[in-house]
Amino acid sequence: MNMRMVQTVALLLLGIGLLVWLSERQEVRLAEIRNQARIALMDLMARKGDGDANPLDLFRSSIADRTHAKATFRRTVYIPAYSAIRVMSGRTRVELATTLSIHNTSEDKPLLLERVDYHNTEGELVQAHLSEPVALKPLGTIEIFVAHEDVRGGTGANFIVEWAGDNLISEPIMEAVMVGSLGTTSYSFVSQGRTTRSVELPE
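Now for a look at the structure at hand. Since this is a predicted model, take the numbers as computed values, not measurements.

Cut-off values and rules
- Sequence order sets the numbering: in each chain, residues are counted from 1 along the sequence as written.
- It should be noted that, the model being predicted, local features are given only for residues of pLDDT at least 70 and side-chain atom pairs only at 80 or more, the latter also being counted only at that level, while totals for whole chains, interfaces and linings use all residues.
- Computation of side-chain values covers all heavy atoms of the structure but excludes hydrogens and water.
- A pair is scored as a salt bridge if a Lys or Arg side-chain nitrogen falls within 4 Å of a carboxyl oxygen belonging to Asp or Glu.
- Helix numbering and strand numbering both begin at the N terminus, where a helix is a DSSP run of H or I of at least 4 residues and a strand a DSSP run of E of at least 2.
- Each residue gets one of three labels from its accessible area relative to the maximum for its type: buried under 20%, exposed over 50%, partly exposed in between, using a 1.4 Å probe on protein chains only.
- Pairing between strands requires that DSSP locate at least two bridges from one strand to the other.
- Under this scheme, a helix contributes an axis fitted over its contacting stretch, all axes are lines through C-alpha atoms, and angles between N-to-C directions fall in the 0 to 180 degree range.
- Patch criteria: residues need more than 30% relative accessible area and no salt bridge. Like-charged residues are merged within 9 Å; nonpolar side chains of Val, Leu, Ile, Met, Phe, Trp and Tyr are merged within 5 Å.
- Per-residue and other accessible areas follow the Shrake-Rupley method at a 1.4 Å probe size, with only the shown protein chains counted as cover for residues.
- Stacked, edge-to-face and tilted are the three classes for Phe, Tyr and Trp ring pairs, Trp counted by its six-membered ring, which pair at centre distances within 6.5 Å; planes under 30 degrees apart are stacked, over 60 edge-to-face, the rest tilted.

Focus on the pattern of salt bridges
- Here the structure, examined in full by the defined rule, presents six salt bridges.
- The partner of glutamate 114 in a salt bridge is arginine 74, and the shortest N-O contact between them spans 2.4 Å. Of the two residues, glutamate 114 is situated in strand E6 (residues 111–119) and arginine 74 in strand E2 (residues 73–80); the sequence distance between them amounts to 40 residues.
- We classify glutamate 114 as partly exposed; its relative accessible area is 23%.
- Overall, the relative accessible area of 25% leaves arginine 74 in the partly exposed class.
- Among the ionic pairs, aspartate 117 bridges to arginine 115, the shortest N-O distance being 3.0 Å.
- Given the relative accessible area of 9%, aspartate 117 is considered buried.

In C-alpha cells form, the structure reads like this:
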C-alpha cells in the first residue's frame, strides 16, 4: 500500500469517526432537550394541579382518625428511587415509573405518617406528598405514584418518610417498585427503605 493510499484511508477513517462523534453528540443533545421539555411540562402540571390532585385520594379507605394514633417515638426512613437508569454505554437512559408503597404491618394499631417527600439526584425537594399528617389503618396500605414521564427525580431520586407510633407497634414496610421498558426489554426492581433516624418523643 503506497503512501497516497494510506493517507486516503486515514482521511476516510477520520471522516467516519467525525460523523459518528457528531451523531452521538446530536443524540445526547436531543435527549437533553427532550428531558428539559418534560421537566418543564411536569412542573407546569404540578403547579396547575396544586390543591386538586392528592395522591392519597385513591386510598382514603386506608386512612384512620389520627387523633387515636398514639406516638412515643418518631423514625425517618430513606427509600432509594429511580426515575431513570443508565444502560448499555451509559448514554442511553430508560425512564421508569415508580410506586412507593407504605404498609402498616400492625394488626391493631394505626401508623402515623408525618412526612412523605420526594427528592431529586441533587437532594432538592421535588414534591411534598403530605400537606398534613395522616394515620394509616392497621394492615392498611397507601401508595405514591411517579409516572415515567416525570423525570424530575433523575437517576438518584429518593423518598423520605417520617412516621410515628407507640412502643408496641410493629415496624412498617416501605419499598419503591420501579418498572420501565426500552424496545423489547423490560426492567423492574424493588428498593427497600432503611431507617436513618429514630427519636423518642416526650410523654
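Following the structure, the description resumes.
Section: the sheet that holds strand E12 (residues 185–192)
- Strand order in this open sheet of four strands is E9-E5-E11-E12, and the pairing throughout is antiparallel. One side of each edge strand has no neighbouring strand; the edge strands of this open sheet are strand E9 (141–146) and E12. Neighbour-to-neighbour, the strand axes of the sheet open up by a mean angle of 15°, direction not taken into account.
- Direction of pairing for strand E5 (residues 97–103) relative to E9: antiparallel, over a ladder of six bridges. Bridge assignment links threonine 98 to a residue of E9, and that residue is valine 146.

As for unusual backbone geometry
- Its identity is not glycine, yet leucine 139 carries a phi of approximately 65°, on the positive side.
- Structurally, leucine 139 is set in the loop between strand E8 (134–136) and E9.
- The exposure class of leucine 139 is exposed, given its relative accessible area of 54%.

Section: the environment of serine 131
- Tracing the chain through its elements places serine 131 in the loop between strand E7 (125–128) and E8.
- Separated by 16 residues in sequence, serine 131 and arginine 115 place their C-alpha atoms 8.4 Å apart.

Overview of a nonpolar patch on the surface
- On the surface, Val177, Val179 and Val190 cluster together into a nonpolar patch covering about 210 Å² of accessible area.
- Considering the arrangement of structural elements, one finds valine 179 in strand E11 (residues 173–182).
- On the accessibility criterion, valine 179 (41% relative accessible area) is partly exposed.

Details of the pairing of strand E4 (residues 92–95)
- As judged from the four bridges shared by strand E3 (residues 84–87) and E4, these two strands associate in the antiparallel manner. The residue of E4 that forms the bridge with valine 87 is threonine 92.
- Between E3 and E4, which pair antiparallel one after the other, the connecting turn spans four residues, and methionine 88 there sits at a positive phi close to 60°.

As for the packing of aromatic side chains
- Going through the model one piece at a time under the given rule, you end up with three aromatic pairs.
- An angle of 80° between the planes, with centres 5.4 Å apart, marks the rings of phenylalanine 73 and tryptophan 163 as edge-to-face. With phenylalanine 73 in strand E2 and tryptophan 163 in strand E10 (residues 158–165), this residue pair connects regions lying 90 residues apart in the sequence. Pair check on accessibility: phenylalanine 73 and tryptophan 163 agree, each one buried.
- Between the aromatic rings of tyrosine 118 and phenylalanine 159, the centroid separation amounts to 4.8 Å while the plane-to-plane angle is 35°, which identifies the pairing as tilted. Highlighted residues: tyrosine 118 in strand E6 and phenylalanine 159 in strand E10, separated in sequence by 41 residues. In this pair, the class of tyrosine 118 matches that of phenylalanine 159, namely buried.

Read these as geometric descriptors, not functional statements.
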